[in-house]
Amino acid sequence: MRLDGITPAAPDERHRRGDIISIPSTATVDPVRVEVRGLSKSFGQVHAVTDLGFTVEPGSVTGFLGPNGAGKTTTLRMLLGLMQPDAGTATFNGAPYTALPAPLRTVGAVLETAFHPARTGRNHLRVYCRAAGLPLSRADEVLVQVGLADAGNRRAGGYSLGMRQRLALATALLGDPGVLVLDEPANGLDPEGIQWLRGFLRHMAHDQGRTVLVSSHLLSEVEQTVDRVVIVGAGRLVREGSMEQLRSGADGAGTVLVRGPDVARLAEVLRADGAEVTQEDGTLTVHGTTPADVGRRAFATGVELHELRSRTSGLEEIYFQLTSGSEQFAAPSPTVPEASR
Amino acid sequence: MIRLVRAEWTKLFTTKVWLGLLLGAVVMVIGFSVLFTSFAGNAQSGIPAVGTPLYEELALATGANANILFLILGIIGMTQEYRHRTATPTFLTTPRRGQVVVAKLLAYALVSVVFALVVVAVNYVTVVIHAGARGAAPALTGDNLEVLLSSALALAIYAVIGVGLGALLKNQVGAIVGALVYLFVVEQVIRSIPATSGAYKWMPGGALEALTATFQGPELLGAWQGALLLLGYGLVAALLGTLLAVRRDVV
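Residues numbered from 1 in each chain as written. Chains lettered and ligands numbered in written order. Predicted model: local features only at pLDDT ≥ 70, side-chain atom pairs only at ≥ 80, totals over all residues.

**Let's talk about the overall build of chain A**
Of regular secondary structure, chain A possesses 14 helices and 14 strands. Within chain A, the proportion of its 341 residues that are buried is 45%. (Helix = DSSP H or I, 4+ residues; strand = E, 2+ residues; numbered from the N terminus. Buried ≥ 20, exposed ≤ 12 C-beta atoms within 10 Å, placed from the backbone.)

Dropping the structure here:
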């Protein structure tokens with residue numbers, strides 16, 4: 001499999017290259033806790049973010065989830081001092097971004113995948129080495145770290161979307177920061193790239209103690225990566241907690257798929273129980289129940305079953321339930337930057 | 001601050017914009033110098049003959065015509081951050097955005113001094129060769145030297161104005177088109193209407209003329225007053241731009 005024009009390397013080799021060789025000698029970093037308190041921001045009539053508060057702990061990967069227009073990008077831009085909040089604070093170990101003495105050494109952020117098209121990837125990185133007072137050799141180190149070593153001397157205008165994501169990540173890594181903030185980093189990455197990114201972020205957090213906050217509008221995209229989630233809808237906090245907590249909340253909330261030669265009788269029984277059932281030929285879709293409950297009723301009624309399973313992961317279902325309804329508030333707001341991107 | 005100035009130079013010299021603008025300025029000044037010298041002494045052109053002090057001062061001031069290219073250099077230097085969306089990593093690296101504007105002012109002022117010296121040197125060499133062939137090469141002394149250095153100073157100040165204008169307007173195309181329309185239309189109208197020509201000396205074009213022109217024209221300020229006025233325009237635009245535009249949310 002080719003990776004956006006980069007010389008392919010065996011996945012395990014790439015992993016080694018990304019994880020060990022290129023990481024600076026410090027195996028662990030000073031822990032940084034990110035705290036957001038009472039953050040609010042309006043664009044005219046649209047309340048993009050309202051009284052939002054959450055904490056991002058060091059040593060773990062936190063997913064920042066919500067549908068498009070939920071205020072994720074606006075929140076991240078306020079966190080990073082690019083936007084002025086109407087109210088509230090966002091701090092790194094107590095200090096707002098704009099007060100950090102060496103911001104790139106504390107926080108690395110991937111917000112844009114836009115670069116000057118005529119500048120090479122390496123020169124792009126060197127600009128920020130100069131500005132942050134880092135040695136120019138860091139540019140080459142982070143290029144290796146993200147697997148762009150062979151493309152460093154090419155103009156960024158010719159990069160694929162996946163390569164742009166990698167260059168943006170390389171920029172974030174320049175200062176070897178204790179905090180990584182990534183806005184939809186999987187956009188444009190191929191499956192292999194996403195796999196690599198997952199391993200990379202987990203390594204950064206679990207093995208090196210960094211604080212990683214990664215936003216996504218898809219839970220399934222980050223489900224395997226994140227330890228904790230912060231879910232927002234319509235600019236408000238919907239849920240904050242560990243993946244385990246979210247999973248336990250998912251119990252009983254799933255959708256069950258049932259197939260069999262005579263499921264119509266089962267459908268009647270389940271409807272009589274108050275379940276929401278839709279039937280299509282020999283297949284039933286039962287909402288708000290578990291395979292165990294449906295199986296018990298089928299056994300009791302003596303209905304022959306050929307298939308009985310959870311249709312969704314349950315987690316996806318609860319994420320959808322948590323954030324549905326928020327979409328309709330966010331949708332008619334084309335002025336919200338996230339929606340216009 | 002030195003770090004930030006060097007970062008701006010890295011930005012400038014890792015694309016080819018500077019080369020295009022510098023070559024454009026060189027070609028422009030060669031063209032004007034040759035044209036000027038060709039018509040020197042021609043009764044209809046009104047240009048004094050080769051060898052006269054007035055001719056020499058006029059021919060050696062043609063470099064100042066590249067001011068528009070130096071203005072564009074400064075405008076691009078500032079507005080490229082918004083055009084190519086590199087404002088985000090730039091302000092992430094330097095959250096105090098005023099420092100970025102100051103670094104750009106310094107970086108472009110210093111680079112423009114070098115570029116401007118190249119332009120006036122080409123101007124002088126062209127005139128020496130062409131006028132020399134027509135009988136009398138100008139000496140690099142006294143008034144002639146002063147005219148050349150004044151032109152170079154004017155060019156460098158125009159790059160500073162460009163950075164300031166770019167900070168104020170942020171939109172690259174808008175800033176360039178606006179500057180061209182202003183310099184070539186608005187000011188020319190103001191200059192030519194008797195009722196408003198008195199105000200012309202206080203405007204950027206009038207200040208440029210004060211600094212470089214030896215032609216008989218409308219009433220102008222002294223050369224140093226003109227230079228300070230021009231620099232003031234650039235710095236005021238940069239200050240207003242920082243307060244009103246650059247500090248706004250980066251979306």
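Read on, since the account is not over.
**Focus on the domain arrangement of chain A**
Domain annotation for chain A reports domain 1 (11-247) and domain 2 (255-311). Averaged C-alpha coordinates put domain 1 of chain A and domain 2 of chain A at centres separated by 44 Å. (Domains from an automatic or database assignment.)

**Description of helix α7 (residues 142-169) of chain B**
Residue pairs three or four apart in sequence face the same way in an α-helix, which turns once every 3.6 residues. Residues and elements named next belong to chain B. Here α7 is 28 residues long and its end C-alpha atoms lie 40 Å apart, about the 40 Å a rise of 1.5 Å per residue gives. Burial runs high along α7: 22 of the 28 residues are buried. K170 sits one or two positions beyond α7 and adopts a positive phi of about 65°. (Expected span 1.5 Å × (residues − 1).)

**Section: the sheet that holds strand β7 (residues 179-183) of chain A**
Residue and element names in this part refer to chain A. Spatial strand order, β6-β7-β8-β3-β9-β10: 6 strands in an open sheet with mixed pairing. Since the sheet does not close on itself, it has two edges, and those belong to β6 (107-110) and β10 (236-242), each with one partner. Averaged over all pairs of adjacent strands, the angle between strand axes in this sheet comes to 15°, irrespective of strand direction. Of the pairings in the sheet, the one linking β6 to β7 comprises 4 bridges and is parallel in character. (Pairing = 2+ DSSP bridges. Axes fitted to C-alpha atoms, helices over the stretch in contact; angles between N-to-C directions.)

**As for the sheet that holds strand β14 (residues 307-310) of chain A**
Either a parallel or an antiparallel arrangement is found when strands of a sheet pair, and the pairing is made through backbone hydrogen bonds. Residues and elements named next belong to chain A. Pairing within the open sheet is antiparallel, and its 4 strands lie in the order β12-β13-β11-β14. If you trace the sheet from one side to the other, it starts and ends with β12 (276-280) and β14, each paired once. Strand-to-strand twist of the sheet, defined as the mean angle between neighbouring strand axes without regard to direction, takes the value 15°. Sheet analysis places strand β11 (residues 255-259) next to strand β13 (residues 283-287), joined by 5 bridges and oriented antiparallel. Within the sheet, the bridge partner assigned to V256 lies in β13 and is V286. Running over the sheet, helix α10 (residues 263-273) touches β11, β12 and β13 and is turned about 165° from β12. Against the sheet, helix α11 (residues 291-301) engages β11, β13 and β14, with an angle of about 155° to β14. (Contact = placed C-beta atoms within 7 Å.)

**Focus: the environment of V232 of chain A**
Residue and element names in this part refer to chain A. With respect to the helices and strands, the residue V232 is situated in strand β9 (residues 228-233). Looking at V232, the number of C-beta atoms within 10 Å reads 26, which means it is buried. Sequence spacing of V232 and F64 is 168 residues, and the spatial spacing of their C-alpha atoms is 7.6 Å. When sequence neighbours within four positions are dropped, the list of residues in contact with V232 reads L52, G66, A70, G71, K72, L237 and V238.

**Focus on the UniProt feature "transmembrane region" (unreviewed entry) in chain B**
Residues and elements named next belong to chain B. The UniProt record marks residues 12-38, 58-76, 105-127, 147-169, 181-203 and 223-246 with the feature "transmembrane region" (unreviewed entry), using the residue numbering of this structure. This span, residues 147-169, is 100% helix and 0% strand, and a straight line between its end C-alpha atoms measures 32 Å. Across residues 223-246, helical content stands at 100% and strand content at 0%; the span's end C-alpha atoms are separated by 32 Å. (UniProt positions renumbered as here; feature names shortened; annotations may be inferred.)

**Considering the confidence of the model for chain A**
Residue and element names in this part refer to chain A. With 83% of its residues at a pLDDT of 70 or more, chain A shows a mean pLDDT of 83. Between residues 1-26, whose pLDDT stays under 50, and residues either more than four places distant or in other chains, the model counts 34 contacts. Ignoring residues within four places in sequence, the model shows residues 328-341, a span with pLDDT below 50, making 29 contacts including any to other chains. (pLDDT = per-residue confidence, 0-100.)

**Looking at unusual backbone geometry**
What is expected of a backbone is that most residues other than glycine have negative phi and most peptide bonds are trans. Residues and elements named next belong to chain A. Backbone geometry places D51, a non-glycine residue, at a positive phi of 45°. Positionally, D51 belongs in strand β2 (residues 46-56). Residue E184 is not a glycine yet carries a positive backbone phi of 50°. By the element assignment, E184 lies in the loop between β7 and α7 (191-207). Given 23 C-beta atoms within 10 Å, E184 falls into the buried group.

**Quick word on the interface of chain B and chain A**
If you look at the interface, chain B gives 24 residues, while chain A gives 28 residues. In terms of residues, the side of chain B that touches chain A owes the most to one element, helix α1 (residues 2-13) of chain B, which gives 6 residues. Taken together, the residues of the side of chain B that touches chain A break down into 8 nonpolar, 9 polar and 7 charged. (Nonpolar A, V, L, I, M, F, W, Y, C, P; charged D, E, K, R; others polar.)

**Thoughts on the environment of F299 of chain A**
Following the sequence through the fold, F299 of chain A ends up in helix α11. Note: C-alpha distance between F299 of chain A and F92 of chain A (207 residues apart in sequence) is 56 Å.

**Considerations on the nonpolar core**
Ranked by internal contacts, the top residues of the largest apolar core, which has 157 residues, are V181 of chain A together with L155 and L230 of chain B. Element by element, the count of residues in this core is highest for α7 of chain B, at 17 residues. With residues near it in sequence (within four places) discarded, V181 of chain A still touches L76, L79, L80, V107, A109 and L213 of chain A. (Core = buried A, V, L, I, M, F, W, Y, C linked by C-beta atoms within 7 Å.)

**A closer look at helix α11 (residues 223-246) of chain B**
All names here are of chain B. Between the first and last C-alpha of α11 there are 32 Å, a value that for 24 residues agrees with the 34 Å anticipated at 1.5 Å per step. All buried positions along α11 are accounted for by G226, A227, L229, L230, Y233, G234, A237, A238, G241 and V246. Structurally, α11 contributes buried residues whose contacts are with α6 (97-133), α7 and α10 (204-212).

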